[in-house]
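Structural overview
Chain residues, written in single-letter form:
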Amino acid sequence: MSTRIDLHAHSTASDGTLTPAELVRAAADAGLDVLAITDHDTTAGWEPAVRALPPGLRLVRGAELSCRWYGEEPAVPLHLLAYLFDPDHPDLVAELARVRLAREERGERIVRLLQADGIEVSWSEILAGAGGGTVGRPHIAQALIRAGLVATTTEAFGPDWLGERYRLPKEDIEVFDAVRLVLAAGGVPVFAHPRATRRGRIVPDELIADLAAAGLMGLEADHEDHSPAERAHVRALAAELGLLVTGSSDFHGSHKTVRLGAFTTDVEAYERIAAAGVTAVASG
Ligand code: AMP
Ligand code: ZN
Ligand code: FE
Ligand code: FE
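Our subject in this report is the structure included herewith. All values reported here derive from a predicted model rather than from experimental measurement.

**Here's the deal with the site of ligand 1**
Taken together, 14 residues are adjacent to ligand 1, and His-40, Arg-103, Arg-106, Arg-137 and His-252 come closest. Arg-106 places a polar side-chain atom, nitrogen or oxygen, 2.7 Å from an oxygen atom of ligand 1. The set of elements that each furnish at least two residues to the shell around ligand 1 consists of α3 (90-116) and α5 (137-146).

**What about the coordination of the iron ion (ligand 4)?**
Surrounding the iron ion (ligand 4) are the protein donor atoms His-8 (NE2), His-10 (NE2), Glu-64 (OE) and Asp-250 (OD), which sit 2.1 to 2.2 Å from the metal. In this structure, the iron ion (ligand 4) is coordinated by four donor atoms arranged in irregular fashion, with angles at the metal of 77 to 166°. Going along the chain, you hit the donors of the iron ion (ligand 4) in the pattern H-x1-H-x53-E-x185-D.

**A look at α3**
The end-to-end C-alpha distance of α3, which contains 27 residues, comes to 39 Å, matching closely the 39 Å that a straight helix rising 1.5 Å per residue would cover. Listing the buried residues of α3 in full gives Leu-92, Glu-95, Leu-96, Val-99, Ala-102, Arg-103, Arg-106, Gly-107, Ile-110, Val-111 and Leu-114. Phi turns positive one or two residues past the end of α3, at Gly-118, with a value near 85°.

**Some words on the environment of Gly-31**
Relative to the helices and strands, Gly-31 is located in the loop between α1 (20-29) and β2 (34-40). Along the primary structure Gly-31 and Gly-261 are separated by 230 residues, whereas in three dimensions their C-alpha atoms are 8.1 Å apart.

**A look at the pattern of salt bridges**
Evaluation of the coordinates by the stated rule reveals 15 salt bridges. Between Asp-117 and Arg-165 there is a salt bridge, with the nearest N and O atoms lying 2.8 Å from each other. On the criterion of sequence distance, the pair formed by Asp-117 in the loop between α3 and α4 (123-130) and Arg-165 in the loop between α6 (153-156) and β5 (173-174) is long-range, its members being 48 residues apart. In this structure, a network of salt bridges that share partners links the residues Arg-199, Asp-225, Asp-250 and Lys-256.

**A look at the coordination of the zinc ion (ligand 2)**
Bound to the zinc ion (ligand 2) are the protein donor atoms Asp-15 (OD), Asp-15 (OD), His-40 (NE2) and His-252 (NE2), situated 2.0 to 2.7 Å from the metal. Classification of the site at the zinc ion (ligand 2) rests on its six donor atoms, whose angles at the metal span 51 to 155°, yielding the label irregular. For the zinc ion (ligand 2), the single-chain donor residues occur in sequence as D-x24-H-x211-H. Between the zinc ion (ligand 2) and the iron ion (ligand 3), a spacing of 5.8 Å is present. Taken together, the residues span a long stretch of sequence, with Asp-15 in the loop between β1 (5-6) and α1 and His-252 in the loop between β8 (244-247) and α10 (267-276) at a distance of 237 residues. A relative accessible area of 5% places Asp-15 in the buried class.

How each quantity is defined
Residues numbered from 1 in each chain as written. Chains lettered and ligands numbered in written order. Predicted model: local features only at pLDDT ≥ 70, side-chain atom pairs only at ≥ 80, totals over all residues. Heavy atoms only, no water. Near = heavy atom within 4 Å. Polar contact = N/O pair within 3.5 Å; in protein donor to acceptor, adjacent residues only side chain to side chain. Helix = DSSP H or I, 4+ residues; strand = E, 2+ residues; numbered from the N terminus. Donors = N, O, S within 2.8 Å, 3.2 Å for Na, K, Ca; no water. Tetrahedral: all angles 85-135°; square planar, octahedral: opposite > 155°, others 65-115°. Expected span 1.5 Å × (residues − 1). Buried < 20%, exposed > 50% of the residue type's maximum accessible area, 1.4 Å probe, protein only. Salt bridge = Lys/Arg side-chain N within 4 Å of Asp/Glu carboxyl O.

Given below as structure tokens:
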């Protein structure tokens, strides 16, 4: 059987619903050989995931960095996956802490907007729901569900709620700074779901070429938010720019419907990532 590699998954260290320990066990149960833990703007899940690593499963330690490109007005948000970097690199640690704090402030401001419209959601309850992990809109979505205002997370991300009306920008990392930081920390930067038009605005291919010149190493092609045409486009662009290509589930537990291993990465691309990172792949 071929090696099954899923390089993008979230735990309760950010907006997933499985703890890091539950996540690695679920990955083994799903028949994966390699899993990357990539919580938003944090490495807090790394240790508990490694401690719980089941025999035979390899763990790529990573994160998904909240970034922004300021080449257009308003600036375009984007996500950068970073693999196998030094989690103690001071500049990266400081930047991730800044972004996490800004997420809390933004979450609280979203809650104030909801409350100003008479919607009864509690910031302290939402913060408690995040359990000390990186706060995101999915945690606010859960509060809307608990209040009976929406039925699903998808509905909470609709235009009447967190998708538009009550959406506020985050204070993200400038994307070229993010690539430089990840490289300085010995990591491997890969652009997450770069053509996900269904999430909102996307960046032009010229920017991706500039990022490649700055050291970006790969593009995530196979992702549920990409149509087949978008996946093909990303593959062609990667070939043109000499970038590696990944495929991943972006698993979030019950906050999303996608299952672990729904999309996977070729072993050649995985081996290039494993060889390029300063942190070793952990083995169970
Ligand atoms: P935030 O990071 O706070 O801006 O929230 C964005 C996160 O919410 C993304 O990383 C996704 O994991 C999740 N998300 C975005 N859109 C949806 C959606 N339509 N349904 C469920 N989760 C979503
Ligand atoms: Zn998320
Ligand atoms: Fe993402
Ligand atoms: Fe993600």
